[in-house]
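# An overview of the molecular structure
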Amino acid sequence: MDLFGKVPLVEIPILITADQKTWLETLVKKGKIAIPPGGTLPEGSVVSIFMRTLLWNSEEQRQSLEMVPEEIQQKVCEARGLVATQIQVSVDQKAWLDKAAASSKVPLPPGDSLISLFTRILLEDAMEQQKAIERADPWADDEEE
């Protein structure tokens, strides 16, 4: 169940790059991912909240792997040093994710999945968007140590 016990969640395994995992951990440490008021959550829960938001946005935009050029999909498939992790998504998001990911025609390396491929592409896009924001506003990512 989600934070409020209203939406059933399922845990799915995904493979992401080490850079993406580090980026997500950094977002959590810097407090860049909003968590519901009134407490703290384990890092995995915060990352899952972020991933559910990312997936919700992608679903709203009707994105799928079919929209991603095959050469980009192939490049993402060739990534080395993938890290296994788990995220919790709603049952509806899992069904949508299966459908969105199924449109790929790129052969996957052993052990990889279309859901992982789609997730890595979404994360890569999110990382690029954050970099663009930081380039436009040098104060956007002040180091607060």
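Here, the structure is the one placed above.
Presented here is an overview of the structure given in this document. If you're wondering where the values come from, they're calculated on a predicted model, not measured in any experiment.

### A look at the overall build of the protein chain
Regarding its fold elements, the protein chain presents five helices and two strands. Across the 145 residues that make up the protein chain, the buried fraction comes to 35%. Relative to all contacts within the protein chain whose residues are 6 or more apart in sequence, the contacts with residues 24 or more apart total 78%. For the protein chain, the exposed surface amounts to about 9,000 Å²; the carbon and sulfur share of it is 55%.

### Considerations on helix α5 (residues 114-136)
The end-to-end C-alpha distance of α5 is 33 Å, a good match for the 33 Å that 23 residues give at a rise of 1.5 Å each. All buried positions along α5 are accounted for by Ile115, Ser116, Leu117, Phe118, Thr119, Arg120, Ile121, Leu122, Leu123, Ala126, Met127 and Gln130.

### Here's the deal with the side chain of Asp112
Topologically, Asp112 is positioned in the loop between α4 (91-101) and α5. Given a relative accessible area of 12%, Asp112 falls into the buried group. When neighbours within four sequence positions are excluded, Asp112 is seen to be in contact with Leu15, Leu82, Leu117 and Arg120.

### Focus: the nonpolar core
Formed by 32 residues in total, the largest nonpolar core has its most connected members in Trp23, Phe50, Phe118 and Leu123. Here this core gets eight residues from one element, more than from any other, and that element is α5. Filtering out sequence-adjacent residues up to four positions away, Leu123 remains in contact with Ile16, Gln20, Trp23, Leu24, Phe50, Met51 and Leu54.

### Here's the deal with the pattern of salt bridges
Under the criterion given, the structure shown has four salt bridges. Two residues, Lys94 and Asp98, come together in a salt bridge whose shortest N-O distance is 2.9 Å. Taken as a pair, Lys94 and Asp98 lie in helix α4 at a separation of four residues, close to a single helical turn. Of the charged contacts, one joins Asp112 and Arg120 as a salt bridge, the two residues approaching to 2.7 Å between their closest N and O atoms.

### Some words on the packing of helix α1 (residues 18-29) against α5
To describe two helices that pack against each other, one gives the angle between their axes and the distance between the axes. Contact geometry for α1 and α5: axes closest at 11 Å, N-to-C directions at 55°. On the basis of their axis angle, the class for α1 and α5 is oblique. At the point where α1 passes α5, the crossing takes the left-handed sense. Here α1 contributes Asp19, Gln20, Trp23, Leu24 and Leu27 to the contact with α5, which in turn contributes Arg120, Leu123, Glu124, Ala126, Met127 and Gln130. Across the contact of α1 with α5, the residue classes tally to six nonpolar, two polar and three charged.

### As for α4
Within the sequence span of α4, burial applies to Gln93, Trp96, Leu97, Ala100 and Ala101. Down the axis of α4, the buried set is contained in an arc of 125°. They therefore lie on one face. For α4, the exposed residues lying more than 90 degrees away from the buried face are Asp92 and Lys99.

Definitions and limits used
Residues numbered from 1 in each chain as written. Predicted model: local features only at pLDDT ≥ 70, side-chain atom pairs only at ≥ 80, totals over all residues. Heavy atoms only, no water. Helix = DSSP H or I, 4+ residues; strand = E, 2+ residues; numbered from the N terminus. Buried < 20%, exposed > 50% of the residue type's maximum accessible area, 1.4 Å probe, protein only. Contact = heavy atoms within 4.5 Å. Areas by Shrake-Rupley, 256 points an atom, 1.4 Å probe, with all protein chains shown as cover. Expected span 1.5 Å × (residues − 1). Core = buried A, V, L, I, M, F, W, Y, C linked by side-chain atoms within 4.5 Å. Salt bridge = Lys/Arg side-chain N within 4 Å of Asp/Glu carboxyl O. Axes fitted to C-alpha atoms, helices over the stretch in contact; angles between N-to-C directions. Parallel < 35°, antiparallel > 145°, perpendicular 65-115°, else oblique. Left-handed = near helix turned anticlockwise from the far one by under 90°. Nonpolar A, V, L, I, M, F, W, Y, C, P; charged D, E, K, R; others polar. Arc of directions from axis to C-beta.

These values are about where atoms sit, not about what they do.
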